[in-house]
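Coordinates in review
Given next are the chains, with one letter for each unit.
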Amino acid sequence: MINKYIIANLKMNMTAQEVKEYLKIMNDTMFCSNVIICPSDIYIPYFLNHSYDVGIQNVYYENNGPFTGEVSPLQAKSMGIKYAIIGHSDRRKMGEDDLIINKKVKKCLENKIKVIFCIGETLEQREMLKTDKILKQQIISGLRGLNSKQLSNVLIAYEPVWAVGTNLLPTTKEISDCIDFIKTICSKFLTGLPFILYGGSINEENISTLKNLKNVDGFLIGGASCNANKFLKIIEIIENAQ
Ligand code: PEP
C-alpha cells in the first residue's frame, strides 16, 4: 500500500508574519504520509528543506524568456521544488484551457517536476449529467502525449468545481464513482495509471469519513490547510487510518 498523498494548497493566503507562525507549528512535526505544501511563490524558500515536500501553485510552459511575472518549471526545479499544481479550477476560471494546461504538464515533466493535475466539473455540468464527459475530455486533452514513465509522475486531483471552497461535499459514493470512472478512462486512453486524489471542502470533521474511501490515493486541501493546527489534525486522522 502506498502512503497517502496529503497536499496543502495555501492559495493566495497569509502575510509573511502569518507564514512564520504557520511554520513554527508545521516544522516541528514528522510525517509518515507524503505531505506536500504549496505556498505562494514568494514564500517558497521558507518552506524548503523540512519534513514535507514543496509544490508550486502554477508555472509557465517555457523554461525562460520575456514572460514578465511568470515562473518556469526549470526555475522551480532549480529551487528544489518537486511538484506543481496544474489545471486548478481557479486558473481554469482565469482562462487557462486544455491546450495551455497540456503544455504546462509536459514542461513540468521534462524538468522532473511531478504534476498535481486538477480536473472537475462545474455544478451546471453536473446537473446536466455531463460530469463523465467533462472528466474524460479534461484527462485526454490535459495528459495528451505522455508516456507511461511520465504518467507515473502525475497525480490526478478530482476536484468538483462546486465543492472547492464552498463547504459543499459530494457523498462518498459520488466521489468513489468519479474516481472509478477516472481510473477507467486512464486505463482506456492513457499508457499508465496516475495516482488519484480527491479535493474540495475537506476539513478536520469530514476527513473522518473521507479517509475510508478505498480507491483514493490521497487528498488536496485548500482552506483548511491554511490553519496549521487544523491541517495537522487532518494529517493525523489520515495517517492513523493507513
Ligand atoms: C483547492 O483549492 O484545491 C481546494 C480543495 O480548496 P478547499 O479545500 O478550500 O475546497
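Residues numbered from 1 in each chain as written. Predicted model: local features only at pLDDT ≥ 70, side-chain atom pairs only at ≥ 80, totals over all residues. Heavy atoms only, no water.

What follows is about the pairing of strand 7 (residues 195-199). Burial analysis of strand 7 places 4 of its 5 residues in the buried class, which makes it a mostly covered element. Summarising the sheet, strand 6 (residues 154-158) and strand 7 pair through 4 bridges and their orientation is parallel. Directly across from Ala157, in strand 7, lies its bridge partner Leu197. The handedness of the strand 6 to strand 7 crossover, carried by helix 9 (residues 172-189), is right-handed. Bridge count for strand 7 against strand 8 (residues 218-221) is 3 bridges, and the pairing is parallel. Bridge pairing links Gly199 to Leu220 in strand 8. (Buried < 20%, exposed > 50% of the residue type's maximum accessible area, 1.4 Å probe, protein only. Helix = DSSP H or I, 4+ residues; strand = E, 2+ residues; numbered from the N terminus. Pairing = 2+ DSSP bridges. Right-handed = clockwise from strand over helix to strand, strands pointing away.)

On to the sheet that holds strand 4 (residues 83-86). With parallel pairing, 8 strands are arranged side by side around a closed barrel as 1-2-3-4-5-6-7-8. Strand after strand, the sheet turns through a mean of 25 degrees between neighbouring axes, direction not considered. (Axes fitted to C-alpha atoms, helices over the stretch in contact; angles between N-to-C directions.)

Here we take up the packing of helix 5 (residues 98-110) against helix 7 (residues 131-142). Across the interface, helix 5 lies against helix 7 with an axial gap of 8 Å and an inter-helix angle of 45 degrees. When the axes of helix 5 and helix 7 are compared, the pair comes out oblique. Across from Asp98, Ile101, Asn102 and Val105 in helix 5, the residues of helix 7 making contact are Gln137, Gln138, Ser141 and Gly142. Considered class by class, the residues forming the contact of helix 5 with helix 7 number 2 nonpolar, 5 polar and 1 charged. (Parallel < 35°, antiparallel > 145°, perpendicular 65-115°, else oblique. Contact = heavy atoms within 4.5 Å. Nonpolar A, V, L, I, M, F, W, Y, C, P; charged D, E, K, R; others polar.)

With that settled, the discussion passes to helix 5. With 13 residues, helix 5 should reach 18 Å at 1.5 Å per residue; the first-to-last C-alpha distance of 18 Å fits that figure. Restricting attention to buried positions, one finds in helix 5 the residues Asp98, Ile101, Asn102, Lys104, Val105, Lys107, Cys108 and Leu109. A positive backbone phi angle near 65 degrees is found at Lys112, which sits one or two residues after helix 5. (Expected span 1.5 Å × (residues − 1).)

Attention now moves to the pattern of salt bridges. For the structure shown, the criterion picks out 10 salt bridges. One salt bridge connects Glu96 with Lys104, and the closest N-O pair in it is separated by 2.6 Å. Looking at Glu96, the relative accessible area reads 10%, which means it is buried. Between Lys173 and Asp177 there is a salt bridge; the shortest N-O distance is 2.6 Å. With Lys173 and Asp177 both in helix 9, this residue pair falls 4 residues apart, about one helical turn. Members of the salt-bridge network, linked through shared partners, are Arg91, Glu96 and Lys104. (Salt bridge = Lys/Arg side-chain N within 4 Å of Asp/Glu carboxyl O.)

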